[in-house]
Amino acid sequence: MSYNKIVKGNSGDEKFFLGNETIVRGALESGIDVYTYYPGTPSSEVGEIFMEIFRDVGMKWVESSINEKVAIEVAGAAYARGASVMVGMKNVGLNVASDPLFALSTTHPKNKNSALVILVADDPQQHSSAVEMDSRYYLKLFKIPALEPSNPQECLDFTKKAFEISRELKLPVILRTVTMVSHSRSNVVIGEIKRSKIKEDFDLSKEFNVASRLYFLELKEDQIYNRLNRALEMSENSSLNRFENMNVKNEFELGIITSGVSYSYVREALNFLGFKAPILKIGFINPLPAQKIANFLKQFTQVFIVEENDAYIETQVLAIAQKNDLKVKIHGKDPFSYSKENSSLPFVGELDPTKIALALIKITNITPKIDLNQIKGKKYEILGRLPILCPGCPHRTTGYAIKQAITKIKSKTGKKVYFYQDIGCYTLLAYPPLSFANVKYCMGSSIALAQGVAHTNGSLNIAIIGDGTFFHAGIPALLNGIYNKAPILVLILDNGWIGMTGQQPHPGSDIRYYKEGYFKRDIKLEDFLQGTGAHVSVIRHHENNEQDYLTRLKEVIYEKGLDVLERKNLHVILVKDECIQKYVKKYEPYVRYVDVKSCKNCGLCYSQFLCPAISEKDDAAFINSTLCLGCDICEEICPNNAIKREEIP
């Protein structure tokens, strides 16, 4: 995919860009030198674009780091030496990066060009995340400025402003987006791309960059009382925090405070209701402009706080009202009651104009044009289905093999079997009919989770983890298990890529098959595992053109599972079967078809193996040739030899 459109165009031109694309453009217009990231939806496109273009636009370095902690550390040193740096991640990635960021936020680089912007993409409604979390509360812990855009144009403008603030204050600045901003599109007016101003001579004095008892407390004091104090002044005077409709009056003496994508929802809700209200739109979300907020509150008897997820702004507005002895009714989430009935807006999930309009109706008792409660409560008959793996996905084959092997182990030993899932496409194996999940927390946790039960119970405990996730955060847990002789079975499903976020490469990916691979050195996962001293079995799908892959996979899971139970060994099975989306780009697939004369319609392929390309038609199995990607497993499992390979003319 080409992203040249991001760098084309002159200042003042209007482009139709994705929110994430405008973040890239904003960074380029800020003279960015370095971008590090770990791919995570909804922020993944930013890293992919930078990886494609960075050598052509004169940037010093871009990397897909092994995890967010390493990304922050690589970026942090570049920032300390005088580079303009950006780091990208999704909400849960900030948890991983938080350890070094606590120290980094306190340091005070002495180089003029030093600037660090941290892109954090939150995911309200948990569209593509393990949990729904609100990253804004980290801002109080890190004590760093943060900006929140509400549309693609603001993504560009706020990115540039974030670099300016960081460069001036020598503090990291968080740019917080959400899914509906990162993935929205609109016309955007672009500016001029700036070249790097990084210098070869720089100051890395330990007094300003070492998180040590010798220097840390003085640096922290400077951070709070000098740099963050100046950030507060910036927030109070920033055009990113602006009043709207201040000449508008309403009979309820109601004003609205909002930020980010919620601002767009508010505008739409007000328009629908035909209701007008003054708005304080906050873009500089930390530190909040306390005096500007107090001045706004003084003008109303009631104020409605509109924000997604937690009551981050509302809690502070309540404190500001109390501090200024203001008698104003605050509507919002009522953060101290934990009561649905008392909340005007939910703590969970995304907001939308309908939810906000309903809350305004509850506050004001105005009559809407139509019954919104009826719309909100309306149930639509839609085709329901569980999230499902792609046709030809190698994880479906592994899941099918696990099911057969575990059934045999249970029959032989009478033991219970528990599964510990991780973050990746294979998480979908947690759904029926396989249901391979008893516990799942976060990236890399499956192997340690299995140990927690294995040390206290005689059951078979199986950790399921992918190759990208293993590199990201699974290695320490595996070493812990080997060291402590944990009797567990670890299945590493190596599909060669970070499949869940779009087939990005990782240290084990084949460097021949991605553009930046020419500059990389791949790490052989099987060699690494052998070096740990663990019992390691490696099984490959496409090996010597053997046709019994499923049988081989099932047997090795059965044998090693028994050994874990009987001899209390830790076994690792490395399953190497490439992501089908990548495989079909390298090799011409052989599409399968059903010989209806041989098919007994046993349903094995479509009701148990659950391939989405196969269904029942006219009392026989039917393969949709437009969906089939030629993985060949259905051909192997068919008991009637009814599935044939369609030869390509």
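Above this text you will find the structure in question.
Residues numbered from 1 in each chain as written. Predicted model: local features only at pLDDT ≥ 70, side-chain atom pairs only at ≥ 80, totals over all residues. Heavy atoms only, no water.

### Observations regarding unusual backbone geometry
Backbone torsion omega between Thr-41 and Pro-42 reads 20°, so that peptide bond is classified as cis. Structurally, the position occupied by Pro-42 is in the loop between strand S2 (34-37) and helix H2 (44-53). Omega for the bond connecting Asn-286 with Pro-287 falls within 30 degrees of zero, at -5°, which places this linkage in the cis form. Tracing the backbone through its elements, the reader meets Pro-287 in the loop between strand S12 (284-286) and helix H11 (290-297). Phi at Tyr-338 is positive, roughly 50°, even though this residue is not glycine. Residue placement: Tyr-338 occurs in the loop between strand S14 (329-331) and helix H13 (353-364). (Helix = DSSP H or I, 4+ residues; strand = E, 2+ residues; numbered from the N terminus.)

### Focus on the sheet that holds strand S18 (residues 535-540)
Taking strand neighbours across the sheet as the criterion, the five strands line up as S15-S16-S17-S19-S18 in an open arrangement whose pairing is parallel. The open sheet terminates on both sides in strands that have one partner only, identified here as strand S15 (417-420) and S18. Going from strand to strand, the sheet's axes swing by 20° on average, the running direction of each strand aside. Direction of pairing for S15 relative to strand S16 (residues 460-466): parallel, over a ladder of four bridges. Paired with Val-417 across the bridge in S16 is Leu-460. (Pairing = 2+ DSSP bridges. Axes fitted to C-alpha atoms, helices over the stretch in contact; angles between N-to-C directions.)

### Section: the state of the cysteines
Taken as a whole and assessed by the stated rule, the structure comprises zero disulfides. Of all cysteine sulfurs in the structure, the one in Cys-393 sits closest to Cys-425, which takes part in no disulfide; the separation is 6.1 Å. Cys-425 gets classed as partly exposed once you look at its relative accessible area, which sits at 22%. Residue Cys-605 stays outside any disulfide, its sulfur separated by 6.3 Å from that of Cys-602, the closest cysteine. The class of Cys-605 is buried, set by a relative accessible area of 9%. (Disulfide = S-S within 2.5 Å. Buried < 20%, exposed > 50% of the residue type's maximum accessible area, 1.4 Å probe, protein only.)

### As for the sheet that holds S14
Taken together, the five strands give an open sheet; going across it, the order is S9-S11-S10-S13-S14, and neighbouring strands pair in mixed fashion. A single partner strand is all that each edge strand has here, and the edge strands are strand S9 (242-244) and S14. Each strand of the sheet is rotated relative to its neighbour by a mean of 20°, with strand direction disregarded. Bridge count between strand S10 (residues 254-259) and strand S11 (residues 279-282): four bridges; the pairing is parallel.

### Regarding the nonpolar core
If you look at the biggest cluster of nonpolar residues, it comprises 114 residues, and the most contacted ones within it are Tyr-35, Phe-50, Met-86, Ile-257, Leu-297, Phe-304 and Ile-356. Setting aside anything within four residues of it in sequence, one finds Ile-356 in contact with Ser-262, Tyr-265, Val-266, Ala-269, Phe-304, Val-306, Leu-345 and Leu-351. Membership of the second largest hydrophobic core comes to 78 residues, among which are Ile-409, Ile-557, Ile-580 and Tyr-606. (Core = buried A, V, L, I, M, F, W, Y, C linked by side-chain atoms within 4.5 Å. Contact = heavy atoms within 4.5 Å.)

### Observations concerning the packing of helix H1 (residues 19-28) against H2
Relative orientation of the contacting elements H1 and H2 amounts to 50°, with a least axis distance of 8 Å. In this view, H1 runs oblique relative to H2, as classed from their interaxial angle. The handedness of the crossing between H1 and H2 is right-handed. The residues of H2 that touch H1, namely those facing Asn-20, Glu-21, Ile-23, Val-24, Ala-27 and Leu-28, are Glu-45, Val-46, Ile-49, Phe-50 and Ile-53. The residue makeup of the contact of H1 with H2, split by class, is eight nonpolar, one polar and two charged. (Parallel < 35°, antiparallel > 145°, perpendicular 65-115°, else oblique. Left-handed = near helix turned anticlockwise from the far one by under 90°. Nonpolar A, V, L, I, M, F, W, Y, C, P; charged D, E, K, R; others polar.)

### Considerations on the packing of aromatic side chains
Under the criterion given, the structure shown has 16 aromatic pairs. Ring centres of Phe-243 and Phe-296 lie 5.9 Å apart, and the angle between their planes is 10°; on these two criteria the pair is classed as stacked. Here the residue Phe-243 occupies a position in strand S9, and Phe-296 occupies one in helix H11, the gap between them amounting to 53 residues. These aromatic residues form a ring-pair network of at least three members: Tyr-35, Tyr-37 and Phe-50. Positioned above the aromatic ring of Tyr-558, the side-chain terminus of Lys-408 is 4.3 Å from the ring centre. (Phe/Tyr/Trp six-rings, centres within 6.5 Å; stacked < 30°, edge-to-face > 60°. Lys NZ or Arg CZ within 6 Å of the ring centre and 35° of its normal.)

### Some words on the pairing of strand S22 (residues 620-623)
Relative to S22, strand S21 (residues 614-617) is paired through four bridges, and the arrangement is antiparallel. Opposite Ser-615, over in S22, you have Phe-622 as the bridge partner. Here S21 hands over to S22 after two residues, with Asp-618 in that stretch at a positive phi of 55°.

### Observations regarding the environment of Ile-118
When you line up the elements, Ile-118 lands in strand S5 (residues 115-122). For the pair formed by Ile-118 and Lys-416, sequence separation is 298 residues and the distance between their alpha carbons is 45 Å. When sequence neighbours within four positions are dropped, the list of residues in contact with Ile-118 reads Ile-72, Val-87, Met-89, Leu-101, Pro-172, Val-173, Ile-174 and Leu-175.

### Observations regarding the environment of Arg-512
Tracing the chain through its elements places Arg-512 in the loop between strand S17 (489-494) and helix H18 (525-531). A C-alpha to C-alpha distance of 9.7 Å links Arg-512 and Asp-522, two positions ten residues apart in sequence. Separated by 2.7 Å, the side chains of Arg-512 and Asp-510 make a polar contact. (Polar contact = N/O pair within 3.5 Å; in protein donor to acceptor, adjacent residues only side chain to side chain.)

### Looking at the packing of helix H3 (residues 68-80) against helix H4 (residues 91-106)
For the pair H3 and H4, the least separation of the axes is 7 Å and the interaxial angle reads 30°. For H3 against H4, the interelement crossing comes out right-handed. Between H3 and H4, the residues in contact are Glu-68, Lys-69, Ile-72, Glu-73, Gly-76 and Tyr-79 and Gly-93, Val-96, Ala-97, Asp-99, Pro-100, Leu-101 and Leu-104, respectively. Partitioned by chemical class, the residues of the contact of H3 with H4 number seven nonpolar, two polar and four charged.

### Considering the side chain of Glu-29
Structurally, Glu-29 is set in the loop between H1 and S2. A distance of 3.0 Å separates polar atoms of two side chains, one belonging to Glu-29 and the other to Lys-160. Ignoring any residue separated from it by four or fewer positions in sequence, one finds Glu-29 in contact with Leu-156, Lys-160, Ile-190, Gly-191, Glu-192, Ile-193 and Lys-194.

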